[in-house]
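# Structure at a glance
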Amino acid sequence: MNEICSAEGVKKITFAVIWEYLVACGLTLEEEREGRRYKVQTEQGLELGIRTIDKISKSGMEYQLLMYPEDVQKMIVEHFIAKKQA
């Protein structure tokens, strides 16, 4: 996706817009735990291969990162291509 967005005349899609699409598809959601909001995959997202990876920042802060398999990445690209053509 990064390569597509670097092409001349192509508007970059923000993470927020992609996130809204994944939530609308029922693949991800935000849940609250211990007063904090977390972005997580749903059961359907898990079945499609979306995984949560535990990471530690350079400053030592722990966080989680959602990883999207190639099929989900293709689905996202195809959605936005179709939307632009409509």
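The notes below deal with the structure included here. None of the values given here were measured: they were computed from a predicted structure.

### As for the pairing of strand 3 (residues 51-56)
Pairing of strand 3 with strand 4 (residues 62-67), which is carried by six bridges, proceeds in the antiparallel orientation. In the strand pairing of strand 4, I53 is matched with L65. Between the end of strand 3 and the start of strand 4, which pair antiparallel, lie five residues, with G60 showing a positive phi angle near 95°.

### Thoughts on the packing of aromatic side chains
Remark: the centre distance and the inter-plane angle together describe each pair of aromatic rings, the angle taken between the planes. Throughout the structure, instances matching the rule amount to two aromatic pairs. For the pair Y21 and F80, a centre-to-centre distance of 5.9 Å together with 65° between the ring planes defines the contact as edge-to-face. Of this pair, Y21 sits in helix 2 (residues 15-24) while F80 sits in helix 4 (residues 70-85); the two residues are 59 residues apart in sequence, bridging distant segments of the chain. Assigned by exposure class, Y21 and F80 land together as buried. Positioned above the aromatic ring of Y38, the side-chain terminus of R33 is 4.2 Å from the ring centre. The positively charged end of K39 is found above the aromatic ring belonging to W19, 5.0 Å away from the centroid.

### Re unusual backbone geometry
A positive phi angle is found at E34, which is not glycine, with a value near 50°. Inspection of the secondary structure assignment puts E34 in the loop between strand 1 (28-33) and strand 2 (36-41). With relative accessibility at 81%, the residue E34 sits in the exposed group.

### Some details on the environment of Y63
Within the secondary structure, Y63 sits in strand 4. Relative accessible area serves as the criterion here: at 33%, Y63 is assigned to the partly exposed category. As for Y63 and I53, which are separated by ten residues in sequence, their C-alpha atoms are 8.5 Å apart. Those residues in contact with Y63, other than ones at most four positions away along the chain, are I53, D54, K55, I56 and S57.

### Quick word on the side chain of T28
Within the secondary structure, T28 is located in strand 1. T28 sits in the buried class, given a relative accessible area of 2%. At 3.4 Å, the side chain of T28 forms a polar contact with the backbone nitrogen of V23.

Calculation rules
- Residues numbered from 1 in each chain as written.
- Predicted model: local features only at pLDDT ≥ 70, side-chain atom pairs only at ≥ 80, totals over all residues.
- Heavy atoms only, no water.
- Pairing = 2+ DSSP bridges.
- Helix = DSSP H or I, 4+ residues; strand = E, 2+ residues; numbered from the N terminus.
- Phe/Tyr/Trp six-rings, centres within 6.5 Å; stacked < 30°, edge-to-face > 60°.
- Buried < 20%, exposed > 50% of the residue type's maximum accessible area, 1.4 Å probe, protein only.
- Lys NZ or Arg CZ within 6 Å of the ring centre and 35° of its normal.
- Contact = heavy atoms within 4.5 Å.
- Polar contact = N/O pair within 3.5 Å; in protein donor to acceptor, adjacent residues only side chain to side chain.

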